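Observations on the three-dimensional arrangement
Chain by chain, the residues:
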Amino acid sequence: DKFCSCERRRLVIVTGIPGSGKSEWIDELVLRLCLRHQWKIAFFSPENVPIVYHLRKLIEKLTGHRFQNGYGISEGLLIRSERFLTDNVCHISLKGNATPDRVFAKARELVVRRGCRILVFDPLNRFDHTAGPGQTETQYLSNLLNKMTELASQYNCLVILVAHPR
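Computed from a predicted structure; not experimentally measured. (Residues numbered from 1 in each chain as written. Predicted model: local features only at pLDDT ≥ 70, side-chain atom pairs only at ≥ 80, totals over all residues. Heavy atoms only, no water.)

**Side note on the environment of Arg9**
Within the secondary structure layout, Arg9 lies in the segment before strand S1 (10-15). Taking the relative accessible area as the measure of exposure, Arg9 reaches 43% and is therefore partly exposed. (Helix = DSSP H or I, 4+ residues; strand = E, 2+ residues; numbered from the N terminus. Buried < 20%, exposed > 50% of the residue type's maximum accessible area, 1.4 Å probe, protein only.)

See the structure below:
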């Protein structure tokens, strides 16, 4: 729209002060892109566990209603919302270390198998990071961002990285 446009094959980095709503805004943005362009979404969002809580937040955004009894979500609307999310939203959940390579491998699998076109990594600090021998933090982060940009370009996806500041 006139305020915000996104295209695939790009890396978008979102940051801001703590508690400013970065993750909530990203959830809203990617749902609108999915609705408008049919771009399926894959989330790596370890702060949104269990996943059912994240799904409830997404249903609230889809319906405009709170996910509680007495707040207006009819059974039919709930069923349609759940079906929409089942068809269009995936979550990357790994046992063990969530290294960037493991997360990216799962993301590539979801692009190929499920047709995901939006990959959300929220937040950066929840990856298990290990710099290579002799590699500075700056070099490590530069390589990581290059891998994300490659992922976006090679798989025709919009990659969104949420970077929570210290």
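Anyway, onward from the coordinates.
**Re the packing of aromatic side chains**
Enumeration according to the criterion identifies four aromatic pairs in this entry. Arranged with centres 5.0 Å apart and planes meeting at 40°, the rings of Phe44 and Phe127 form a pair that is tilted. Here Phe127 lies in the loop between strand S4 (116-121) and helix H5 (137-154) and Phe44 lies in strand S2 (residues 40-44), a separation of 83 residues in the sequence. Using a relative accessible area of 3% as the deciding quantity, one classes Phe127 as buried. On the numbers, 5.4 Å between centres and 55° between planes, the contact of Phe104 with Phe121 is tilted. On the criterion of sequence distance, the pair formed by Phe104 in helix H4 (residues 100-114) and Phe121 in strand S4 is long-range, its members being 17 residues apart. The class for Phe104 is buried, based on a relative accessible area of 3%. Given the relative accessible area of 1%, Phe121 is considered buried. Within the aromatic cluster, the residues linked to one another by ring pairs are Phe44, Phe104, Phe121 and Phe127. (Phe/Tyr/Trp six-rings, centres within 6.5 Å; stacked < 30°, edge-to-face > 60°.)

**Some thoughts on the pattern of salt bridges**
Taken as a whole, this structure holds seven salt bridges when the rule is applied. Its salt-bridge partner being Arg10, residue Glu7 comes within 2.6 Å of it at the nearest N-O pair. Residue classification places Arg10 among the partly exposed positions, given a relative accessible area of 44%. Between Glu109 and Arg113 there is a salt bridge, with its nearest N and O atoms 2.8 Å apart. (Salt bridge = Lys/Arg side-chain N within 4 Å of Asp/Glu carboxyl O.)

**Here we look at the pairing of S2**
Of all five residues in S2, four are buried; the element is thus mostly enclosed. Pairing of S2 with S4, which is carried by five bridges, proceeds in the parallel orientation. Counterpart to Lys40 in the pairing with S4 is Cys116. Strand direction decides the pairing type here: S2 and strand S3 (residues 89-91), joined by three bridges, are parallel. (Pairing = 2+ DSSP bridges.)

**Some words on helix H1 (residues 22-37)**
An α-helical turn contains 3.6 residues, so any two residues separated by three or four positions project in the same direction. Here H1 is 16 residues long and its end C-alpha atoms lie 22 Å apart, about the 22 Å a rise of 1.5 Å per residue gives. Turning to H1, its buried residues are Lys22, Ser23, Ile26, Asp27, Leu29, Val30, Leu31, Leu33 and Cys34. Two residues or fewer after H1 comes Gln38, characterised by a positive phi angle close to 60°. (Expected span 1.5 Å × (residues − 1).)

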